[in-house]
Each structure stands twice: as structure tokens, then as C-alpha cells.
Amino acid sequence: MTSFPFDPLTSYREYPPVEMLARSRSFADELHRRRTTRHFSDRPVSREIIEQCIRAAGSAPSGAHQQPWHFVAVSDPDVKRRIRAAAEEAEREFYDTAPAEWLAALGPLGTDANKSYLESAPWLVVVFAEKYGVSADGETHKHYYVNESVGIASGFLIAALHHAGLATLTHTPNPMGFLGSLLQRPVNEKAIMVVVTGYPAPDARVPRLVRKSLPEIATFR
Ligand SMILES: Cc1cc2nc3c(=O)[nH]c(=O)nc-3n(C[C@H](O)[C@H](O)[C@H](O)COP(=O)(O)O)c2cc1C
């Protein structure tokens, strides 16, 4: 096993406490402006912006630095059409057979099997998790904390898209095995979610949701 060379930590920035507080508050405020939308405009978004947001996602920490993720950014109308058709088929089955409790949880959001945004939004970023690693010579090796690592990277991606000025929708078709075959991904990868992104439609509406308050989500001891 070869170990990494170690360098001085030059990327760290310290801020005066007053500035730190202002930065933390404004970052929290910015993240709280993020809303999931299910209504997208078909206005194009340049590939460079999506590339930078994926770059941001790729900065996420990962178990043993294995970076067990891959992002497939789809803008090709034909591929989007095929993803929509397969997702709607999976969703129709889901809405017909899902447990009543799950359907009740989704009810207030007004979601249904129609996924027109999978075609109208300019970009679909499909997040894949590498369940295990495969080296150049075909040897396989175990990956650690895959779900946690890919979850954090997906959060970075959504935050980066929001920060860039784009709207997002986290879409999780159930089941979503079709994404691997449709996008020709290797067998060690498993689709985790589709991050739909673009400009919101001019008449986009969102459910009036209340987020938990700080005391509800945090305990200080
Ligand atoms: C893991 C995960 C899966 C989700 N799957 C779907 C989905 O398949 N379809 C959908 O319309 N919204 C989906 N959502 C979006 C949630 O419904 C949304 O984040 C939640 O209602 C809170 O709204 P907000 O994002 O505007 O704060 C998903 C969100 C997460 C984090």
C-alpha cells in the first residue's frame, strides 16, 4: 500500500468571528431559499454551468476517499424522452401498488405518475453510486460508506445548482434499475437519483411547506 504525500493546508481560510457569523447566516438563508419545483421551463442552460456544479459535487468528502460516484448529465432530447417513458412506466406501477402509508405521505405534495419535467427541463443529472470499485486490470475492491458519500455529494450538487441560480427536483423513480441500462453504465454502478434542473417555469408553483425550526432539529449540550 502506498501512502499519500502530505502538504501544508493552504486552502483553508479563516475569517474574523463577526464575518464568520454573517457568512454562516447568509449561507443558511441562501439554502433556505431553495425549493423543489416540478415545473420547469425549456430554456436552455449551458453545459459549462452543469459541469461546474458537478465539479462542486466531486469535492464532497467520501469514505476512504474512494469517491464512489458518477454523474451522467443528460440534455439529449431523445435520451430524456426514453428516460421519461421508462420512469412513467415505473411510476404507474408504483402508484398502483405502493403501500397506502407511502401514498398518504406523498398525497399533500400532489405528485403523480406524469413526469413531463423529465423532457421539458434542459438537464437531468443522474447520480450513480459505485457499489464496489473496479481497477484498470478488472480487479474488484470493496467500497466503504457508499450511500453516505454519494448522499453528501448529491447534496453538494443540489446546493451548487441552487447557488448557480437553477431550480432542482430530486426525482427517485421506483424502481430505477432502468437508468443503468438506458445510460449504459457498468454493473458496479447503481442509480441513486435523478437531479432534474433548469429554470423554473414562469408559472411554477410549490407546496407551502414548513421546515422544522432550529430547536426541533438540533440539541446543544
Ligand atoms: C431522497 C429524495 C427523494 C425524492 N424523490 C422525489 C420524487 O421521486 N419525486 C418528487 O416529486 N419529489 C421527490 N423529492 C423531493 C421532496 O418531495 C422535497 O424535497 C420535499 O417535499 C421538500 O421540499 P423542498 O425540497 O422544496 O424543501 C425527493 C427528495 C429527496 C431528498
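Reading guide: rules and limits
- Residues numbered from 1 in each chain as written.
- Predicted model: local features only at pLDDT ≥ 70, side-chain atom pairs only at ≥ 80, totals over all residues.
- Heavy atoms only, no water.
- Helix = DSSP H or I, 4+ residues; strand = E, 2+ residues; numbered from the N terminus.
- Areas by Shrake-Rupley, 256 points an atom, 1.4 Å probe, with all protein chains shown as cover.
- Lys, Arg positive; Asp, Glu negative; His and termini not counted.
- Charge placed at Lys NZ, Arg CZ, Asp CG, Glu CD.
- Pairing = 2+ DSSP bridges.
- Axes fitted to C-alpha atoms, helices over the stretch in contact; angles between N-to-C directions.
- Contact = heavy atoms within 4.5 Å.
- Phe/Tyr/Trp six-rings, centres within 6.5 Å; stacked < 30°, edge-to-face > 60°.
- Lys NZ or Arg CZ within 6 Å of the ring centre and 35° of its normal.
- Buried < 20%, exposed > 50% of the residue type's maximum accessible area, 1.4 Å probe, protein only.
- Salt bridge = Lys/Arg side-chain N within 4 Å of Asp/Glu carboxyl O.

As for the overall build of the chain
Part 1: If you tally the helices and strands in the chain, you get 8 helices and 6 strands.
Part 2: Projected onto its principal axes, the C-alpha coordinates of the chain cover approximately 55 × 50 × 40 Å.
Part 3: On the chain, roughly 14,600 Å² of surface is accessible, and the fraction owed to carbon and sulfur atoms is 55%.
Part 4: Distance from the positive charge centre (25 side chains) to the negative charge centre (25 side chains) of the chain: 5 Å.

Side note on the sheet that holds strand S2 (residues 123–130)
Part 1: Sheet architecture is open: 4 strands sit in the order S1-S2-S6-S5, paired in antiparallel fashion. Here the strands that pair on one side only, and so sit at the sheet edges, are strand S1 (69–74) and strand S5 (167–171). Within the sheet, the average angular offset between the axes of one strand and its neighbour, ignoring direction, is 25°.
Part 2: Pairing analysis gives 8 bridges linking S2 to strand S6 (residues 189–198), with the strands arranged antiparallel. Across the sheet, residue Glu-130 finds its bridge partner in S6, namely Glu-189.
Part 3: Contacting S1, S2, S5 and S6, helix H6 (residues 146–164) runs over the sheet at an angle of about 160° to S2.

Examining the packing of aromatic side chains
Part 1: In the structure shown here, the tally under the stated rule is 2 aromatic pairs.
Part 2: Positioned over the ring face of Tyr-15 is Arg-23, at 3.8 Å from the centre of the ring.
Part 3: In this arrangement the basic side chain of Arg-43 is found over the ring face of Tyr-199, its NZ or CZ atom lying 3.6 Å from the centre.

Topic: the pairing of S2
Part 1: Of all the 8 residues making up S2, 8 are buried; the element is thus mostly covered by neighbouring parts of the structure.
Part 2: Burial along S2 is two-sided: the residues Trp-123, Val-125, Val-127 and Ala-129 and Leu-124, Val-126, Phe-128 and Glu-130 are all buried.

Here we look at the pattern of salt bridges
Part 1: Per the counting criterion, the structure on display carries 7 salt bridges.
Part 2: One salt bridge connects Arg-82 with Asp-78, and the closest N-O pair in it is separated by 3.7 Å. In this pair, Arg-82 and Asp-78 both sit in helix H3 (residues 77–97), 4 residues apart, roughly one turn of the helix.
Part 3: Of the charged contacts, one joins Arg-84 and Glu-88 as a salt bridge, the two residues approaching to 3.0 Å between their closest N and O atoms. In this pair, Arg-84 and Glu-88 are both assigned in helix H3, 4 residues apart and thus about one turn of the helix distant. Accessibility classification places Arg-84 together with Glu-88 in one group, the buried group.
Part 4: Taken together, the salt bridges that share partners define one network made up of Asp-78, Arg-81 and Arg-82.

Describing the pairing of S5
Part 1: Of all 5 residues in S5, 4 are buried, a share of seventy percent or more.
Part 2: Two elements, S5 and S6, share 5 bridges in a ladder whose sense is antiparallel. Counterpart to Leu-169 in the pairing with S6 is Val-196.

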